[in-house]
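Secondary and tertiary structure notes
So you can see what is in the structure, the chains are spelled out below.
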Amino acid sequence: MDPLAPVIAALHAESRPRVWSLVITVFGDSVQPRGGSIATVRLQRLMERVGVTSGTLRTALSRLRRDGWVETERTGRHSRYRLSAEGLARFAPATARIYAPPVTAPVTEWTLCQGCEEEAGFPVAPGLRLLPGKAPEGATLAVTGQLSALAPGLREALLPPEQQAAIAALLADVAALDGPEMGPRDAAAARTLLVHRWRRLVLRWPEPPAELLPEALRPRAAASPRAAVARIYHALPPAADAWFDTPLDDVPPMPPAGPATAARFGGPAQA
C-alpha cells in the first residue's frame, strides 16, 4: 500500500491544488538550505510523487517566473530554478513563523481587549477579543488576568469554521504520516506535503494556544498542532535528506543542508 496515498488524496480533494504554492513550499523547506537552486528534473520527480504532472508543474513555474518569484539558470544540460531576490524577500519573513518551536508552557496571562485589531487574539463577543499576554497598544479597554473558565461552546466559536477544518485536515495528515516506513523519495514527498499543509494554516490564521483548542482539534500525542507537526517533521528528515543527497540520473546530489535545518521547530528535542 502506498504510505502517502491518504495525504496525496487529501491534497487533490481540495478542488485544484495550487501547485505554484506547493513549489514555494519545496523551495523554502528543501532548496534554500541546500544552496538555493534545484534541477528541474529533480523538482519534476518530487512533484510526480505527489500527483503533479510535468505539464502542470511547467505551468506553475511559468507563473512563478512571470510573477517574479523564481528565476532560471543553465548548468550543463540541465535547467535549474532558484528563488529570485524578490522571491527571497517575500518568503524570508514567513520562515520564522513556520518553523518556530512549539510552546510547551501554559499561558499564564490573558487579556480581554476592546479596540484591538482583528488580527490580534480571538473574538469572544462583538468588539471584544481574548489575547494571550498583554494587550497591544491602541486598545480602548484591556482587562488582564487568568483564564479560569471557558465553555466548550465558546471554544468552538473562537475559531472560524475554515480554520477548524484546516486544523482537522492537518491532524489527519499527521496521523497518516505517523509510522509507515518510507524510502527516500517517499520521505521527501511526505515532508513536503506536511510542511505545505502547515504553512498554509499558520500563515493564514493566528495560531491558537492549546488552551483555546476545541477537544476535537487537540492532537493525541502532542500538546498542540505545531508540536504534532514538529514530531513528524523530525522523524522524516534522515530518509528525506537522503533523496536530496543522492545523484538522480545524471543530476548531481544537492549540497548538504546547513545546521539551521536541524534546529527547525526547536530541534528534535522539542519535538
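Criteria and cut-off values
Residues numbered from 1 in each chain as written. Predicted model: local features only at pLDDT ≥ 70, side-chain atom pairs only at ≥ 80, totals over all residues. Heavy atoms only, no water. pLDDT = per-residue confidence, 0-100. Helix = DSSP H or I, 4+ residues; strand = E, 2+ residues; numbered from the N terminus. Pairing = 2+ DSSP bridges. Axes fitted to C-alpha atoms, helices over the stretch in contact; angles between N-to-C directions. Contact = heavy atoms within 4.5 Å. Patch = residues over 30% accessible without salt bridge, like charges linked within 9 Å, V, L, I, M, F, W, Y side chains within 5 Å. Areas by Shrake-Rupley, 256 points an atom, 1.4 Å probe, with all protein chains shown as cover. Salt bridge = Lys/Arg side-chain N within 4 Å of Asp/Glu carboxyl O. Buried < 20%, exposed > 50% of the residue type's maximum accessible area, 1.4 Å probe, protein only. Core = buried A, V, L, I, M, F, W, Y, C linked by side-chain atoms within 4.5 Å. Parallel < 35°, antiparallel > 145°, perpendicular 65-115°, else oblique. Nonpolar A, V, L, I, M, F, W, Y, C, P; charged D, E, K, R; others polar.

Of the residues in the protein chain, 99% have a pLDDT of 70 or more, and the chain-wide mean is 91. Mean pLDDT in the protein chain bottoms out at helix H11 (residues 259-262), which sits at 87, and peaks at helix H3 (residues 40-49), which reaches 97.

Taken in spatial order, the three strands of this open sheet run S1-S3-S2, and their pairing is antiparallel. Of all strands in the sheet, those bounded by a partner on one side alone are strand S1 (37-39) and strand S2 (70-75). Taking the axes of each pair of neighbouring strands and ignoring which way they run, one obtains an average angle of 30° across the sheet. By the bridge criterion, six bridges tie S2 to strand S3 (residues 78-83) in an arrangement that is antiparallel. Looking at the pairing, Arg74 lines up with Ser79 of S3. Helix-sheet contacts for H3 involve S1 and S3, and the interaxial angle to S1 is about 75°.

Attention now moves to the sheet that holds strand S5 (residues 122-125). Taking strand neighbours across the sheet as the criterion, the four strands line up as S5-S6-S4-S7 in an open arrangement whose pairing is antiparallel. Where the open sheet ends on each side, the last strands, each with one partner, are S5 and strand S7 (141-145). Strand-to-strand, the axes of this sheet are offset by a mean angle of 30°, without reference to chain direction. Bridge analysis of S5 against strand S6 (residues 128-132) gives three bridges, and the strand direction is antiparallel. By the bridge assignment, Ala125 is partnered in S6 with Leu128.

Turning next to a nonpolar patch on the surface. On the surface, Leu112, Leu141 and Val143 cluster together into a nonpolar patch covering about 240 Å² of accessible area. Among the structural elements, Leu112 can be located in strand S4 (residues 110-114).

Attention shifts here to the pattern of salt bridges. Summed over the entire model, instances satisfying the criterion amount to 16 salt bridges. For Asp241, the salt bridge is made with Arg34, and the minimal N-O distance between the two is 3.4 Å. One end of the pair, Asp241, is in helix H10 (residues 237-244); the other, Arg34, is in the loop between helix H2 (19-31) and S1, with 207 residues separating them in the sequence. Relative accessible area serves as the criterion here: at 2%, Arg34 is assigned to the buried category.

Here we take up H3. By the burial criterion, the buried members of H3 are Thr40, Arg42, Leu43, Leu46, Met47 and Arg49. Gly51 sits one or two residues past H3 and shows a positive phi near 90°.

This part is about the nonpolar core. Ranked by size, the top nonpolar core spans 72 residues in total, and within it Val23, Phe27, Leu43, Leu46, Met47, Leu177 and Trp198 carry the most contacts. Ranked by residues supplied to this core, first place goes to helix H8 (residues 184-202) with ten residues. Excluding residues within four positions of it along the chain, Met47 makes contact with Leu22, Val23, Val26, Val52 and Leu57.

Each regular strand carries side chains that alternate between the two faces of the sheet. The pairing of S1 with S3 spans three bridges and is classified as antiparallel. Bridging across to S3, Ile38 finds its partner in Tyr81.

Moving on: the packing of helix H1 (residues 5-13) against helix H7 (residues 161-177). Interhelical geometry of H1 versus H7 gives an angle of 155° and a closest axis separation of 8 Å. When the interaxial angle is binned, H1 and H7 end up roughly antiparallel. From H1, Pro6, Val7 and Ala10 reach across to H7, where they touch Asp173, Ala176 and Leu177. When the residues that make up the contact of H1 with H7 are grouped by side-chain class, the tally is five nonpolar, no polar and one charged.

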